[in-house]
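Examination of the molecular architecture
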Amino acid sequence: MKKWLLAMLFGTVLVLGACGGGDDENASEKPADKDDTKTEENGGSVDATAAEGVYQDNCLSCHGADLSGGSGPALTDVGSKYSSDEIADIIKNGKGSMPAGMAEGDDVQLLADWLAEKK
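Residues numbered from 1 in each chain as written. Predicted model: local features only at pLDDT ≥ 70, side-chain atom pairs only at ≥ 80, totals over all residues. Heavy atoms only, no water.

What follows is about the nonpolar core. Core analysis: the biggest nonpolar cluster contains 19 residues, and Y55, I87, I91, L111, W114 and L115 have the highest contact counts within it. Breaking this core down by element, the ones donating at least two residues are α2 (48-58), α4 (84-93) and α5 (106-116). The biggest single contributor to this core is α5, with six residues. Residues in contact with L115, not counting those within four places in the same chain, are L67, L75, V78, G79 and I87. (Core = buried A, V, L, I, M, F, W, Y, C linked by side-chain atoms within 4.5 Å. Buried < 20%, exposed > 50% of the residue type's maximum accessible area, 1.4 Å probe, protein only. Helix = DSSP H or I, 4+ residues; strand = E, 2+ residues; numbered from the N terminus. Contact = heavy atoms within 4.5 Å.)

What follows is the structure in structure tokens.
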């Protein structure tokens, strides 16, 4: 009886773990009322969709999906502490435990401008 119960429990955990146990199909979709192309804070000059893509590719693993931090500090209000140029310098050269070169080329300035708006 104990083996059967253990097998059922283990099977349930595997199924829920593999399937997520919920409707995650639309979890990554952005709200419909959000303007994904340009941000209003910077006169529409920062492509928020592109910046978020760069963030997801280079920063998300340390700073969290919602900028709330993880192994790296929270970036929810980084624009109140640093200018776009200072943020770009940190991305290029690193700071503290953050390694240098986390983004390259035009992505650095795009990401820095987008993060500078987070106040």
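Text resumes after the structure shown.
With 69% of its residues at a pLDDT of at least 70, the chain reaches an overall mean of 79. For residues 26-37, every residue scores under 50 in pLDDT, and the model assigns this stretch ten contacts once sequence neighbours within four places are set aside. (pLDDT = per-residue confidence, 0-100.)

With that settled, consider a negative patch on the surface. A cluster of acidic residues, D57, E104, D106 and D107, forms a negative patch on the protein surface. Turning to its location among the elements, E104 is positioned in the loop between α4 and α5. When its relative accessible area of 63% is taken as the criterion, E104 is described as exposed. (Patch = residues over 30% accessible without salt bridge, like charges linked within 9 Å, V, L, I, M, F, W, Y side chains within 5 Å. Areas by Shrake-Rupley, 256 points an atom, 1.4 Å probe, with all protein chains shown as cover. Salt bridge = Lys/Arg side-chain N within 4 Å of Asp/Glu carboxyl O. Lys, Arg positive; Asp, Glu negative; His and termini not counted. Charge placed at Lys NZ, Arg CZ, Asp CG, Glu CD.)

Attention now moves to the packing of α4 against α5. Where α4 meets α5, the axes come as close as 8 Å, and the angle between the chain directions of the two elements is 130°. With respect to their mutual orientation, α4 and α5 come out oblique. Crossing geometry of α4 relative to α5 is assigned as right-handed. Across from S84, D85, I87, A88, I91 and K92 in α4, the residues of α5 making contact are V108, Q109, L111, A112, D113, L115 and A116. (Axes fitted to C-alpha atoms, helices over the stretch in contact; angles between N-to-C directions. Parallel < 35°, antiparallel > 145°, perpendicular 65-115°, else oblique. Left-handed = near helix turned anticlockwise from the far one by under 90°.)

Under the criterion given, the structure shown has one salt bridge. With a shortest N-O distance of 3.6 Å, K81 and D77 are connected by a salt bridge. On the accessibility criterion, K81 (55% relative accessible area) is exposed.

Before going further, it helps to spend a moment on α4. When we look at burial in α4, the residues that qualify are S84, I87, A88, I90 and I91. All buried residues of α4 fall inside an arc of 160° around its axis, so they share one side. Of the exposed residues in α4, those oriented more than 90 degrees away from the buried face are D85 and N93. Packed against the buried residues of α4 are α5. (Arc of directions from axis to C-beta.)

With that out of the way, let us pick up the side chain of S84. Here S84 lies in helix α4. The class for S84 is buried, based on a relative accessible area of 16%. Looking at S84, its side chain comes within polar contact range of the side chain of D113, at 2.4 Å. Apart from residues lying up to four places away in sequence, S84 is in contact with Q109, A112, D113 and A116. (Polar contact = N/O pair within 3.5 Å; in protein donor to acceptor, adjacent residues only side chain to side chain.)

The subject of this paragraph is the packing of α2 against α5. The description of two helices packed together rests on the angle between their axes and the distance between the axes. Taken N-terminus to C-terminus, the directions of α2 and α5 make an angle of 105°; their axes are 9 Å apart at the nearest point. With respect to α5, the axis of α2 lies roughly perpendicular. Where α2 approaches α5, its residues A48, A50, A51, E52, V54 and Y55 are matched on the opposing element by D107, L110, L111 and W114. Across the contact of α2 with α5, the residue classes break down as eight nonpolar, no polar and two charged. (Nonpolar A, V, L, I, M, F, W, Y, C, P; charged D, E, K, R; others polar.)

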